[in-house]
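Examining the three-dimensional arrangement
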Amino acid sequence: MTTGLKAKLLAGIFLVAIAIAAPAQTVSTIYQFSNGSNPNYPAGVMAQGQDGDFYGVTLSGNGCCQGVIYKISSGGALTSLYPMAQSDGTTCSGLTLGTDGNFYGTTYWGGNLTVGSGSGLGTVFKMTPAGALTTLVQFNASNGGHPYAGLIQGSDGNFYGTTVFGGDLSVNNGNGFGTTFKITPGGALTTLMAFNGVNGGLPQAGLTQGSDGL
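Residues numbered from 1 in each chain as written. Predicted model: local features only at pLDDT ≥ 70, side-chain atom pairs only at ≥ 80, totals over all residues. Heavy atoms only, no water.

Re the confidence of the model for the protein chain
Counted only if it meets this: pLDDT gives the predictor's per-residue confidence on a scale running from 0 to 100. Whether two residues touch is decided by their heavy atoms; if any such pair falls within 4.5 Å, the residues are in contact.
Confidence in the prediction of the protein chain, expressed as mean pLDDT, is 89, and 87% of residues score 70 or more. Confidence drops under a pLDDT of 50 for residues 5-17, and excluding neighbours within four residues, the segment shows 2 contacts in the predicted structure.

Some points on the side chain of T58
Keep this limit in mind: Helix numbers and strand numbers start at the N terminus; a helix is a DSSP run of H or I with at least 4 residues, a strand a run of E with at least 2.
Among the secondary structure elements, T58 is positioned in strand 2 (residues 54-60). Contacts of T58, omitting those with residues within four sequence positions, involve F33, P39, N40, Y41, P42, A43, G67, V68 and Y70.

Regarding the pairing of strand 2
Condition: Partly exposed residues are those whose accessible area sits between 20% and 50% of the maximum for their type, while under 20% is buried and over 50% is exposed, using a 1.4 Å probe and protein chains only. Paired strands, in this sense, are two strands between which DSSP finds at least two bridges.
Taking burial as the measure, the 7 residues of strand 2 include 5 buried ones, the bulk of the element. In terms of strand pairing, strand 1 (residues 40-48) meets strand 2 through 5 bridges, oriented antiparallel. Bridging from a neighbouring strand, A43 pairs with V57 of strand 2. In this structure, the hairpin formed by strand 1 and strand 2 is closed by a connection of 5 residues, where G52 is found at a positive phi of approximately 95°. Pairing of strand 2 with strand 3 (residues 68-72), which is carried by 4 bridges, proceeds in the antiparallel orientation. What sits directly across from F54, in strand 3, is I72.

A word on the layout of surface pockets
Spelled out, the test is: Detection works on a 1 Å grid of protein atoms alone, calling trapped sets that fit a 1.4 Å probe cavities and calling open sets with protein on both sides within 12 Å along at least five of seven lines pockets, with lining residues defined by an atom within 4 Å of a point. Grid points are joined across faces, edges and corners, and a volume is the space filled by probe spheres set on the points. When residues are grouped by polarity, Ala, Val, Leu, Ile, Met, Phe, Trp, Tyr, Cys and Pro land in nonpolar, Asp, Glu, Lys and Arg in charged, and all others, Gly among them, in polar.
Roughly 190 Å³ of internal volume is contained in the largest pocket. Residue lining of the largest pocket: I152, G154, S155, D156, Y160, T180, L192, L207, T208, Q209, G213 and L214, and that is the complete set. Split into classes, the residues belonging to the lining of the largest pocket amount to 5 nonpolar, 6 polar and 1 charged.

Now the structure itself:
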């Protein structure tokens, strides 16, 4: 047997040994959502708070199509923190933990109910771990509309996101092709780009910060 063949056989044996030694993974259900007055139909991503509990949002459980922000312990104890009304925004894409310990999120509908055929064009909000919610931005088409994805916090401490519609209202039959935006923890919003169909349009995904800070 040649030296090269021995090396290949030993490599194969080594890989098999690793595969066999890999531990089996188990999944444990810690809470099962149910219909009724309880929060149900969880949506978007959860965020772990500085207290170790997990925070999330549901699409229902507070009347038709109005969700609830909740927290749940690793042991499965669920607490409803805030029932969302249309004026707060509805259809939330999940929560992002800020460096200040508060949670930040976007809603696709709701907020300013005088726009979007009376259904609102969505919001950006902040919520404390105790459940006190503050609406930071109400989208009105010119500053964007219908944010579908959640937020990321940049290295500068501001939050960044996208809207599917709004921005440049001279395109897409007056609906715009969406925006990318920056918002401070205090609620000051800056539109960074208004898509026009040529440079892209209708962004549904969120943003990612690169190692270069951009």
